[in-house]
Amino acid sequence: MGSTWIAKAGNDYEVILHPKDNNEIGRSAFNVYQAYKLFGSRDFALTLIRQFEGLAYAEEIQGIPGLTCREWQTGFTVTIDGPGASVTRTLDGAPVDPAEDYDETLEEEIIDAFFWDGTYAINGEPTDYYFTVEPIMNVNDFATTFVFEEMPNYLRVSNCCSSFMVSQLGDFAG
C-alpha cells in the first residue's frame, strides 16, 4: 500500500493499510524474484507466491487481462494468529469468505514462516478506518479533500489520481 499505520501491544499487531497506490508492487516482485534466483531460499519463494497471488488478485479486480488495478483493499479485516496457525476474515465483526480460495497447507506454511510470533490484524476495511484514523493522521487532506457527499460507495483519497469505489459486480462485489 505504500504506507501503513501499526499499533503494537505485546505480540499483537494492528495494521491499518493507508491508501497510497500500489505502483511499487511490480518492482518489489521483480526484486524478490532476482533475490530468489540468487539465493533460492523457501522464504523468498513464499514471498513471491504471496506477491504473485496479490498481482493476480489485482488483475481480476481490474477485469482487464495483464493489467493490475493501481490500488485495492480487501474490504475486510484479515487476522493472522501465528501461535494458533489460523486465519480469520471479518467484515464489521462477522465472518466473510474471500473471493479467492487459498491452499490451506500453503497458508499454514506462510503463517509459520512469517507470522509465528504474534497475532496480526490487518484492517482492509476503508469505511472502518476512513472516519476514525484518517481524520487524525491526515487532518488537512481529510478536511479539504476526503469529505464529500458520495460516501460511502466512493471514498476520495486524493485530488489527482486515487480514490476507492466499492465494487458493484462479480466475485468482488461489496
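Look a little higher up for the structure.
If you're wondering where the values come from, they're calculated on a predicted model, not measured in any experiment. (Residues numbered from 1 in each chain as written. Predicted model: local features only at pLDDT ≥ 70, side-chain atom pairs only at ≥ 80, totals over all residues. Heavy atoms only, no water.)

Participant: Would you mind showing me how to read the overall build of the protein chain here?
Facilitator: Secondary structure summary: the protein chain contains six helices and eight strands in total. Secondary structure elements of the protein chain, listed N to C terminal, follow the sequence β-β-α-α-β-β-β-α-β-α-α-α-β-β. In the protein chain, the proportion of contacts linking residues at least 24 apart, taken out of those at least 6 apart, comes to 54%. As displayed, the protein chain offers around 10,600 Å² of accessible surface, 54% of which is attributable to carbon and sulfur atoms. (Helix = DSSP H or I, 4+ residues; strand = E, 2+ residues; numbered from the N terminus. Contact = heavy atoms within 4.5 Å. Areas by Shrake-Rupley, 256 points an atom, 1.4 Å probe, with all protein chains shown as cover.)

Participant: Is there a simple way to think about the nonpolar core in this case?
Facilitator: Considering soluble globular proteins, one finds that nonpolar side chains tend to be buried as a cluster. In terms of nonpolar packing, the biggest core is built from 10 residues, these being Y13, L46, F76, V78, I80, L106, I110, I111, F115 and Y120. Residue assignment for this core shows that the elements contributing at least two residues are strand 3 (77–81) and helix 3 (104–114). Ranked by residues supplied to this core, first place goes to helix 3 with three residues. (Core = buried A, V, L, I, M, F, W, Y, C linked by side-chain atoms within 4.5 Å. Buried < 20%, exposed > 50% of the residue type's maximum accessible area, 1.4 Å probe, protein only.)

Participant: Would you mind showing me how to read helix 1 (residues 25–39) here?
Facilitator: Because an α-helix packs 3.6 residues into every turn, residues spaced three or four apart end up facing the same way. When the terminal C-alpha atoms of helix 1 are compared, their 21 Å separation across 15 residues agrees well with the 21 Å that a helix rising 1.5 Å per residue should span. For helix 1, every residue scored as buried is listed here: A29, V32 and A35. For helix 1, the arc enclosing every buried residue in end-on projection is 125°, short of the 170-degree limit, so these residues lie on one face. In helix 1, the exposed residues that point more than 90 degrees away from the buried face are R27, F30, K37 and L38. Just downstream of helix 1 lies G40, where phi reads positive at about 65°. (Expected span 1.5 Å × (residues − 1). Arc of directions from axis to C-beta.)

Participant: Would you mind showing me how to read a negative patch on the surface here?
Facilitator: Residues E53, D103, E104 and E108 make up a contiguous surface patch of negative charge. With respect to the helices, strands and loops of the structure, D103 is situated in the loop between strand 5 (94–95) and helix 3. Overall, the relative accessible area of 48% leaves D103 in the partly exposed class. (Patch = residues over 30% accessible without salt bridge, like charges linked within 9 Å, V, L, I, M, F, W, Y side chains within 5 Å. Salt bridge = Lys/Arg side-chain N within 4 Å of Asp/Glu carboxyl O. Lys, Arg positive; Asp, Glu negative; His and termini not counted. Charge placed at Lys NZ, Arg CZ, Asp CG, Glu CD.)

Participant: Explain helix 3 to me, please; I cannot follow it from the model alone.
Facilitator: Three or more residues of helix 3 are buried, namely L106, I110 and I111. On an axial view of helix 3, the arc spanned by its buried residues comes to 140°, and they lie on one face. What points out from helix 3, more than 90 degrees from its buried face, is the exposed set E104, T105 and D112. Where helix 3 begins, one side-chain oxygen reaches toward the backbone nitrogen of T105, 3.2 Å away; that side chain belongs to D103. (Polar contact = N/O pair within 3.5 Å; in protein donor to acceptor, adjacent residues only side chain to side chain.)

Participant: What is the right way to look at the packing of aromatic side chains in this model?
Facilitator: The description of an aromatic ring pair uses the distance of the two centres, along with the angle that the planes make with each other. With the rule as written, the count across this model stands at three aromatic pairs. Taken together, a centroid distance of 4.6 Å and an interplanar angle of 0° make the contact between Y13 and Y120 stacked. In this pair, Y13 sits in strand 2 (residues 12–17) while Y120 sits in strand 6 (residues 119–123), placing the two residues 107 residues apart along the sequence. Taking 6.1 Å as the distance between ring centres and 20° as the angle between the ring planes, the aromatic pair formed by F39 and F44 counts as stacked. In this structure F39 comes out as exposed when scored by relative accessible area, which is 59%. Using a relative accessible area of 27% as the deciding quantity, one classes F44 as partly exposed. Grouping aromatic residues by their ring pairs yields a cluster made of Y13, F115 and Y120. (Phe/Tyr/Trp six-rings, centres within 6.5 Å; stacked < 30°, edge-to-face > 60°.)

Participant: When you look at the sheet that holds strand 4 (residues 86–91) in this model, what are you seeing that I'm missing?
Facilitator: Paired through backbone hydrogen bonds, the strands of a sheet run either parallel or antiparallel to each other. The strand order across the open sheet built from six strands is 1-2-6-3-4-5, with neighbouring strands paired in mixed fashion. Both edges of this open sheet fall to strand 1 (4–9) and strand 5, since each of them pairs with a single strand only. (Pairing = 2+ DSSP bridges.)

Participant: Help me understand the environment of G93 in this model?
Facilitator: Considering the arrangement of structural elements, one finds G93 in the loop between strand 4 and strand 5. Residues G93 and F76, 17 residues apart in the sequence, show an inter-C-alpha distance of 9.2 Å.

Bear in mind that shape data such as this cannot, by itself, settle questions of function.
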